[in-house]
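What follows is the residue order along each chain.
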Amino acid sequence: MRLLPLFGTCCAVLTPSLAYAVDYHPWSGGLISEGYKEKIEKDGSWRIVAEYSGVDAIDALDVALYRAADLARAEGKAYVQVLGGSASSRMRTATAIIFAKASDSPAAPSECHRSKRCYTADVATVLDILGGENGRAPGNARVTSYDQYGRPVKSSGFGTGAVAWTS
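Residues numbered from 1 in each chain as written. Predicted model: local features only at pLDDT ≥ 70, side-chain atom pairs only at ≥ 80, totals over all residues. Heavy atoms only, no water.

Enquirer: Help me understand the sheet that holds strand S4 (residues 93-103), please; the structure alone is not making it clear to me.
Expert: As a general point, the strands of a sheet are linked pairwise by backbone hydrogen bonds and lie either parallel or antiparallel. Here 6 strands make up an open sheet; going across it, the order is S1-S2-S4-S3-S5-S8 and the pairing antiparallel. Looking at which strands have only one partner, the edges of the open sheet turn out to be strand S1 (35-40) and strand S8 (162-165). Shown here is a sheet whose adjacent strand axes are inclined to one another by a mean of 30°, direction ignored. Sheet topology places strand S3 (residues 79-90) next to S4; 11 bridges connect them, and they run antiparallel. Note on S4: the bridge partner recorded for Gly84 is Phe99. (Pairing = 2+ DSSP bridges. Helix = DSSP H or I, 4+ residues; strand = E, 2+ residues; numbered from the N terminus. Axes fitted to C-alpha atoms, helices over the stretch in contact; angles between N-to-C directions.)

Enquirer: Hey, could you run me through the pattern of salt bridges in this one?
Expert: Should their charged atoms come close, side chains of opposite charge can pair. Counting across every chain of the model gives 6 salt bridges. Lys77 is paired through a salt bridge with Asp104; the nearest N and O atoms lie 3.0 Å apart. You can see Lys77 sitting in the loop between helix H2 (57-74) and S3 and its partner Asp104 sitting in the loop between S4 and strand S5 (119-122), a full 27 residues away along the chain. Accessibility expressed as a relative area gives 25% for Lys77, which makes it partly exposed. Accessibility expressed as a relative area gives 57% for Asp104, which makes it exposed. Salt bridges here are not isolated pairs; linked through shared partners, they connect Glu38, Arg67, Asp70 and Arg73. (Salt bridge = Lys/Arg side-chain N within 4 Å of Asp/Glu carboxyl O. Buried < 20%, exposed > 50% of the residue type's maximum accessible area, 1.4 Å probe, protein only.)

Enquirer: How should the pairing of strand S6 (residues 143-146) be read in this particular structure?
Expert: Regular strands have side chains that alternate between both faces of the sheet. Bridge count between S6 and strand S7 (residues 152-154): 3 bridges; the pairing is antiparallel. When the bridges of S7 are listed, Tyr146 appears paired with Pro152. Counted along the chain from S6 to the antiparallel partner S7, the turn is 5 residues long, and its residue Gly150 has a positive phi close to 85°.

Enquirer: Sorry if this is basic, but what is going on with the nonpolar core here?
Expert: Here is a general trend for soluble globular proteins: nonpolar side chains tend to be buried in one another's company. Core analysis: the biggest nonpolar cluster contains 35 residues, and Trp46, Val80 and Ile98 have the highest contact counts within it. No other element matches the 11 residues that H2 contributes to this core. Residue contacts for Ile98: discarding those within four places in its chain leaves Trp46, Arg47, Ile48, Leu61, Ala64, Leu65, Ala68, Gly84, Gly85 and Phe158. (Core = buried A, V, L, I, M, F, W, Y, C linked by side-chain atoms within 4.5 Å. Contact = heavy atoms within 4.5 Å.)

Enquirer: Please explain the environment of Ala78 as it appears in this structure.
Expert: When you line up the elements, Ala78 lands in the loop between H2 and S3. Classification of Ala78 by relative accessible area gives partly exposed; the value is 39%. The contacts of Ala78, once residues within four sequence positions are left out, are Ser103, Ala121, Asp122 and Val123.

Enquirer: Help me out: how do you make sense of the side chain of Ser103 in this one?
Expert: In this structure, Ser103 sits in strand S4. A polar contact of 3.0 Å, which involves the side chain of Ser103, links it to the backbone nitrogen of Ser105. Excluding residues within four positions of it along the chain, Ser103 makes contact with Lys77, Ala78, Tyr79 and Gln81. (Polar contact = N/O pair within 3.5 Å; in protein donor to acceptor, adjacent residues only side chain to side chain.)

Enquirer: Honestly, the environment of Lys101 in this entry has me stumped. Any pointers?
Expert: Mapping Lys101 onto the fold places it in strand S4. Since its relative accessible area comes to 33%, Lys101 is described here as partly exposed. Remark: the alpha-carbon pair of Lys101 and Trp46, spanning 55 residues in sequence, is separated by 6.0 Å. If we skip the residues at most four places from it in the chain, Lys101 touches Ser45, Trp46, Tyr79, Val80, Gln81 and Leu83.

Here it is in structure tokens:
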């Protein structure tokens, strides 16, 4: 019987810290699956979907943006063009979809046909900002500054690492 209160205390202490962490992993399939998945569209861009239970839609968006930068880095590119996307949360499930492609140039995307929120981001900056406080928690934005009251400010969501926007 002594173990039950100890177990309850451990769960209470750990639960708040776990609530803010998004686990970066590929989609495993199944009915209640979480993670990210991507496919290549006809125009050569990636369609990246991230879906998680019980998190903010921006957290799912950060995972999708991190994955786009991760794919661009794997191709040896210094920039990633975000060609549009969306994020939403309903029924305790956060979903984000973005379209992106790797680029050698910091120039803004020439075509912005999926959204008006198109931009080019520096891959290293996106990976740094969305890599978490220790760089090993992808999709979990780190504190980038503090406001006038000393509260932590995080950069995340659309625009992270932007070097050029489509006008």
